[in-house]
Structure formats: structure tokens, C-alpha cells
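Read off the chains here:
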Amino acid sequence: MKKPLGITILRKRDVPKVLWPLEIREMHGIGKATTEKLNKLEIYTIEDIAKANEGVLKETLGIVGAMMKERANGIDNRPVDPHKYDEHKSIGNSSTFSKDMTEEALILEKLFQLSSSVSRRLKEQHFTAGNIQLMIKYYDRKLVTRSRKLPNPIVETEDIFSAVAYLWKKHWDGEPVRLVGVTAHDLTERTTAMKQLDLFSYEEDAKDEPLMEIVDKLQDKYGEKIIKKGCELR
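Cut-offs and rules
Residues numbered from 1 in each chain as written. Predicted model: local features only at pLDDT ≥ 70, side-chain atom pairs only at ≥ 80, totals over all residues. Heavy atoms only, no water. Axes fitted to C-alpha atoms, helices over the stretch in contact; angles between N-to-C directions. Helix = DSSP H or I, 4+ residues; strand = E, 2+ residues; numbered from the N terminus. Parallel < 35°, antiparallel > 145°, perpendicular 65-115°, else oblique. Contact = heavy atoms within 4.5 Å. Nonpolar A, V, L, I, M, F, W, Y, C, P; charged D, E, K, R; others polar. Expected span 1.5 Å × (residues − 1). Phe/Tyr/Trp six-rings, centres within 6.5 Å; stacked < 30°, edge-to-face > 60°. Buried < 20%, exposed > 50% of the residue type's maximum accessible area, 1.4 Å probe, protein only. Lys NZ or Arg CZ within 6 Å of the ring centre and 35° of its normal. pLDDT = per-residue confidence, 0-100. Left-handed = near helix turned anticlockwise from the far one by under 90°.

1. Examining the packing of helix 4 (residues 54–61) against helix 5 (residues 63–72)
- It is the contact of helix 4 with helix 5, at a shortest axis distance of 6 Å, that shows an interaxial angle of 135°. Compared by their axis directions, helix 4 and helix 5 come out oblique. Residues E54, L57, K58 and L61 of helix 4 form the contact with helix 5, whose own contacting residues are I63, V64, G65, A66, M68 and K69.
- Residue classes in the contact of helix 4 with helix 5 are distributed as 6 nonpolar, 1 polar and 3 charged.

If you want it as C-alpha cells, here you go:
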């Protein structure tokens, strides 16, 4: 409200008067695609979001929709911790092969397992990642790290592995490998990481979310190996 250096003090009682009349695009995390989708539901202002049916918002935008409604009503019960991001600058895992490895299928399988581990740690600590790094240590101890900045924050195994596999295909020089690692950088608290939804993907994002939650609960209760991907079974 007072860019670039000013501070606006907004009390909860001021929300209806100050925030609600604003167009929805003034709200953090709402871009063009999300605006168009909400406009189809006849939601045009922040007040419309605040008074919208939560079920409709979740059906349309997934958990982000419910978060938007809370924010529009000035509700955020997270504790303020100014040191949180200093303590969690990255989350990663690495693995050393028992021998120098050149079989790409086995290396990619290991990278998938590492991606799964990083994903679960991100979820446990309620973070998403905006940058994924691949580490390769060759047979001669040469260490190479390459990273990829992402258009949207991610947390799921498939998304992390997709970024890692891209880096692997682009940068592996064909020499034997002794160690690989996967690290998530540019961490953002998951409840505040609002994806700028794509017109062609928002329905899939919303549809997949309940399934991901069920998978997480099963793995928390019975272990990571209770559910396997087709590539893992192969």
C-alpha cells in the first residue's frame, strides 16, 4: 500500500473497509489466470472471496482456495518466527553407490528415491521449493552441481524428480558416477506459496490434491514403501 519502503498498519477491524473493496488481483498470489477463473464464479473483489462458499473455492482451486478465503477475512493463525527461514535454507539428500555407476536407469532410479525423500522432508517441515539442485560426484572425485529455478514452488516427488532428471540429462558427461544428490533451495512456507495457476492445469492441480494427501497419510502410517510407482516396481 505504501511501496516501496512504507509500512501500513492494518487492524482486523479495518479489513472490511480497507481490503474488501479492492479487486481480487490486488491480493497476494492471485494472477491473471486465477482472476479469470474466479471471475467466472462472479468473484471480483476481495470481499467476494471473503464471503464465497469455501467448498466451491476448494473445488475450483484446491487448498489454495480455502487459504484465500481465510486471508481475505484477515485470518492467519501461524506464529511469527523471524528466524525460521534462516534455519531452513535448503533440504537435501545424497547417496553413494557401492561401485562406480554408468547404468543410467539405476542412477535415475536412485534420483527418484532421493526426490521422494526430499519431498517428504519438505512436507514434514511445511515448505515448498523454488529451486532444485542436482549434485554429481564422479569416479575421480570431481564434484559437479547444477540447479534449475522453477516457475512455481513445488513439493511433490514427481515435480522434484522432473527437475532433477532434466538437469541429469543436460549435464551428465557419461563418465562413471560414485554419488548423486538432490537438494531443494529457495524454500517458502507451504501455506503461503500460492501457485499462479495455469488455465490448462488448474483443474488437474485441484483434482490431484486429495489423492496426494491420502498417499502421504498412508506413507506416514505404514512407511514410504507401502505405495510404489510403476518405475520403482520395474
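2. Concerning helix 7 (residues 104–124)
- Between the first and last C-alpha of helix 7 there are 30 Å, a value that for 21 residues agrees with the 30 Å anticipated at 1.5 Å per step.
- Of the residues trailing helix 7, H126 is marked for its positive phi of about 60°.

3. Overview of the packing of aromatic side chains
- Across all of its chains, the model carries 2 aromatic pairs by this definition.
- Ring geometry for W168 against W172: centres 4.6 Å apart, planes inclined by 20°, an arrangement best described as stacked. Side by side, W168 and W172 carry an identical accessibility label, which is buried.
- Against the face of Y138 rests K142, its NZ or CZ located 4.9 Å from the ring centre.
- For the cation-ring pair, R148 lies above Y166, with the distance from its terminal atom to the ring centre recorded as 3.8 Å.

4. Considering the confidence of the model for the chain
- Looking at the chain, pLDDT values average 83 and 78% of them are 70 or higher.
- Per-element averaging of pLDDT across the chain places helix 10 (residues 230–233) at the bottom with 54 and helix 3 (residues 46–51) at the top with 96.

5. Thoughts on helix 5
- Within helix 5, 7 of the 10 residues are buried, which leaves it mostly tucked inside the rest of the structure.
- Looking only at helix 5, the buried set comprises V64, G65, A66, M67, M68, K69 and A72.
- Buried residues along helix 5 sit in contact with helix 1 (15–19), helix 2 (32–40), helix 3 and helix 4.
- Where helix 5 ends, the next residue or the one after it, G74, has phi of about 75°, a positive value.

6. Concerning the side chain of T183
- Note that T183 resides in strand 4 (residues 177–189).
- Since its relative accessible area comes to 17%, T183 is described here as buried.

7. Structural notes on the packing of helix 7 against helix 8 (residues 157–171)
- Two numbers describe how helix 7 lies on helix 8: the axes approach to 8 Å, and their chain directions differ by 140°. Judged by the inter-axis angle, helix 7 sits oblique to helix 8. Crossing hand, helix 7 versus helix 8: right-handed. Residue-level contacts link E104, I107, L108, L111, F112, S115, S116, V118, S119 and L122 of helix 7 to T157, I160, F161, V164, W168 and K169 of helix 8.
- When grouped by side-chain class, the residues that make up the contact of helix 7 with helix 8 number 10 nonpolar, 4 polar and 2 charged.

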